[in-house]
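# A structural walkthrough
What follows is the residue order along each chain.
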Protein chains: 2
Amino acid sequence: MAAPTSFSGEVWAELRLADARDVPHIYSLIHQMAEFELLTDLFAATHDLLHSTLFPTPQPAPFASFTALVLDLSPSPVSASADTIGSLRLDLSASPLADPEAAAFPSPRGAGRVTAGFVICFPNYSSFLAKPGLYVEDIFVRAPWRHRGLGRMMLSAVAGRAAEIGMGRVEWCVLDWNQNAIDFYEGMGAEVFTKWRICRLTGPALDKYKGAGSASQEEHHAGKAE
Amino acid sequence: MAAPTSFSGEVWAELRLADARDVPHIYSLIHQMAEFELLTDLFAATHDLLHSTLFPTPQPAPFASFTALVLDLSPSPVSASADTIGSLRLDLSASPLADPEAAAFPSPRGAGRVTAGFVICFPNYSSFLAKPGLYVEDIFVRAPWRHRGLGRMMLSAVAGRAAEIGMGRVEWCVLDWNQNAIDFYEGMGAEVFTKWRICRLTGPALDKYKGAGSASQEEHHAGKAE
């Protein structure tokens, strides 16, 4: 059953654990996200890198390391499986939804399902709590499927799973000019920290520290270090 | 050999991988950090929690999961071992250094060493790079040992190790009013991102999402979801 390009009536969304068969769609969705954020110059992902970093052998337990989830939309009801993290029934009877890209995003799970979004998250650590938390690196829905409660379902389901497995907090980032997103997150109960800034070393600025651990003592002998 | 409370002449600093014997000092140092940040109301760490979360059995490879490092100061030269991440020789011949707390921080490695700081870091993930990075959650030096290049050595050594094992970036946070720290990090080559804000769900605001994954479909049936 091929994926339709127009959806009407009832549609069933499932947020599920991804596996290696989802790599091509995850790649395409990350690229769409880079386009949306006008950051394609930073895009350096490949199928092979995604495969080896997100789906290593052996695969760690979900949420214990880098974890990829995929959002599938199905024209028929979906039975929850061990892979299901969240679900939502959409009622499109008032107006059908056109998804011109649907043919490019058939879910590897078949049955006419279409992949429409993804989440990448991983554990972080709070030393004050001495507990792991969950950091949500990406949460993305393709354009035709936005503003239908899917983002809320995805974040709620991920937060719920984190709470259920004993994690102390769930964190993610938002741009300070994106007031709609800030309002949405605050409405979900999140605190937005205004004082903290992220610092990053990358590229050549990072590479120059290669060997710094072994070099620092010698460097100080020569009187060059601070 | 007991730890001295005053240091003079040459002193050798070693940043090394921590093990379970370091838990009591790591606990005390996290508490000092909470005091320094006026955040003791958020402090909920215990020896048992630190032990089970930082030093699980089996212990993952360093930097592949939550990783604790300890800074030891030694009155005699330290030979680098497999646990050594960075080192620095300090010359205190111009003026001795008093460390009144030294007796409370004898290093479990003995030989008159004193524990004076710690780092907690863990891998994060960049989907644009499809690569792990390293997030530095904490980097802390006890007050008497500050402003002697130890923080720079610690961050340089950790960044160097991250670069050597193929991580794409190293990230951490700074408070926006801490211009000294911002200048220091920028001087080390870091970019400080001014537009991103951290969002956090924790405590009761997080707990209310327990069961959200399984509940969302039913909730929508009842017409309550967005």
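Residues numbered from 1 in each chain as written. Chains lettered and ligands numbered in written order. Predicted model: local features only at pLDDT ≥ 70, side-chain atom pairs only at ≥ 80, totals over all residues. Heavy atoms only, no water.

### Quick notes on the side chain of T67 of chain A
All names here are of chain A. Tracing the backbone shows T67 in strand 2 (residues 67–74). Looking at T67, its side chain comes within polar contact range of the main-chain nitrogen of F63, at 2.8 Å. Setting aside residues up to four positions removed in sequence, T67 forms contacts with L17, P62, V119, I120 and C121. (Helix = DSSP H or I, 4+ residues; strand = E, 2+ residues; numbered from the N terminus. Polar contact = N/O pair within 3.5 Å; in protein donor to acceptor, adjacent residues only side chain to side chain. Contact = heavy atoms within 4.5 Å.)

### Focus on the interface of chain A and chain B
Contact with chain A, which involves 88 residues of that partner, is made by 89 residues of chain B. Carbon and sulfur atoms supply 61% of the area that chain A and chain B bury against each other, a total of about 8,100 Å² over both sides. Where chain A packs against chain B, one counts six salt bridges. Taking the shortest distance from any N to any O, the salt bridge between E137 of chain A and R169 of chain B comes out at 3.5 Å. At the boundary of chain A and chain B, one finds 33 residue pairs in polar contact (both at pLDDT 80 or more). Its residues assigned to classes, the side of chain A that touches chain B shows 48 nonpolar, 21 polar and 19 charged. (Buried area = accessible area lost by both parts, 1.4 Å probe. Salt bridge = Lys/Arg side-chain N within 4 Å of Asp/Glu carboxyl O. Nonpolar A, V, L, I, M, F, W, Y, C, P; charged D, E, K, R; others polar.)

### Some words on the relation of the copies chain A and chain B
Relative to chain B, chain A is turned by 180 degrees and slid 0.0 Å along the rotation axis, the superposed coordinates differing by an RMSD of 0.0 Å. Between the two chains, the operation in question is that of a two-fold axis. Looking at chain A, 100% of its interface residues are interface residues in chain B too, so the copies touch through the same face. (Least-squares fit on C-alpha atoms with pLDDT ≥ 70 in both.)

### Notes on the UniProt feature "domain: N-acetyltransferase" (unreviewed entry) in chain A
Within the UniProt annotation, "domain: N-acetyltransferase" (unreviewed entry) is assigned to residues 53–213 of chain A. Overall, residues 53–213 of chain A shows 20% helix and 40% strand. The separation of its end C-alpha atoms is 26 Å. (UniProt positions renumbered as here; feature names shortened; annotations may be inferred.)

### Quick notes on the pattern of salt bridges
Any two side chains of opposite charge can pair, so long as their charged atoms come close to each other. Within this structure, the stated rule accounts for 32 salt bridges over all chains. Where E171 of chain A meets R200 of chain B, a salt bridge forms, and the shortest distance between an N and an O atom there is 2.7 Å. Of this pair, E171 of chain A sits in strand 6 (residues 169–175) while R200 of chain B is found in strand 8 (residues 196–202), placing the two residues in two different chains. D72 of chain B is the salt-bridge partner of R113 of chain B, the closest N and O atoms lying 3.0 Å from each other. One end of the pair, R113 of chain B, is in the loop between strand 3 (84–98) and strand 4 (114–126); the other, D72 of chain B, is in strand 2 (residues 67–74), with 41 residues separating them in the sequence.

### Remarks on the pairing of strand 4 of chain B
All names here are of chain B. Buried residues dominate strand 4, accounting for 13 of its 13 residues. Two strands pair when backbone bridges link them, and strand 2 and strand 4 are joined in this way by seven bridges, in the antiparallel orientation. Directly across from T67, in strand 4, lies its bridge partner C121. Taken together, the 10 bridges between strand 4 and strand 5 (residues 131–141) define a ladder with antiparallel strand orientation. The residue of strand 5 that forms the bridge with V119 is I139. (Buried < 20%, exposed > 50% of the residue type's maximum accessible area, 1.4 Å probe, protein only. Pairing = 2+ DSSP bridges.)

### Re the packing of aromatic side chains
Using the criterion set out here, one finds 16 aromatic pairs over all chains in the structure. Seen from their ring centres, F66 of chain A and Y125 of chain B are 4.9 Å apart, and the 50 degrees between their planes marks the pair as tilted. Taken together, the residues span two chains, with F66 of chain A in the loop between helix 2 (47–54) and strand 2 and Y125 of chain B in strand 4. Judged by relative accessible area, which is 0%, Y125 of chain B ranks as buried. In this arrangement the basic side chain of R146 of chain A is found over the ring face of F36 of chain A, its NZ or CZ atom lying 4.9 Å from the centre. (Phe/Tyr/Trp six-rings, centres within 6.5 Å; stacked < 30°, edge-to-face > 60°. Lys NZ or Arg CZ within 6 Å of the ring centre and 35° of its normal.)

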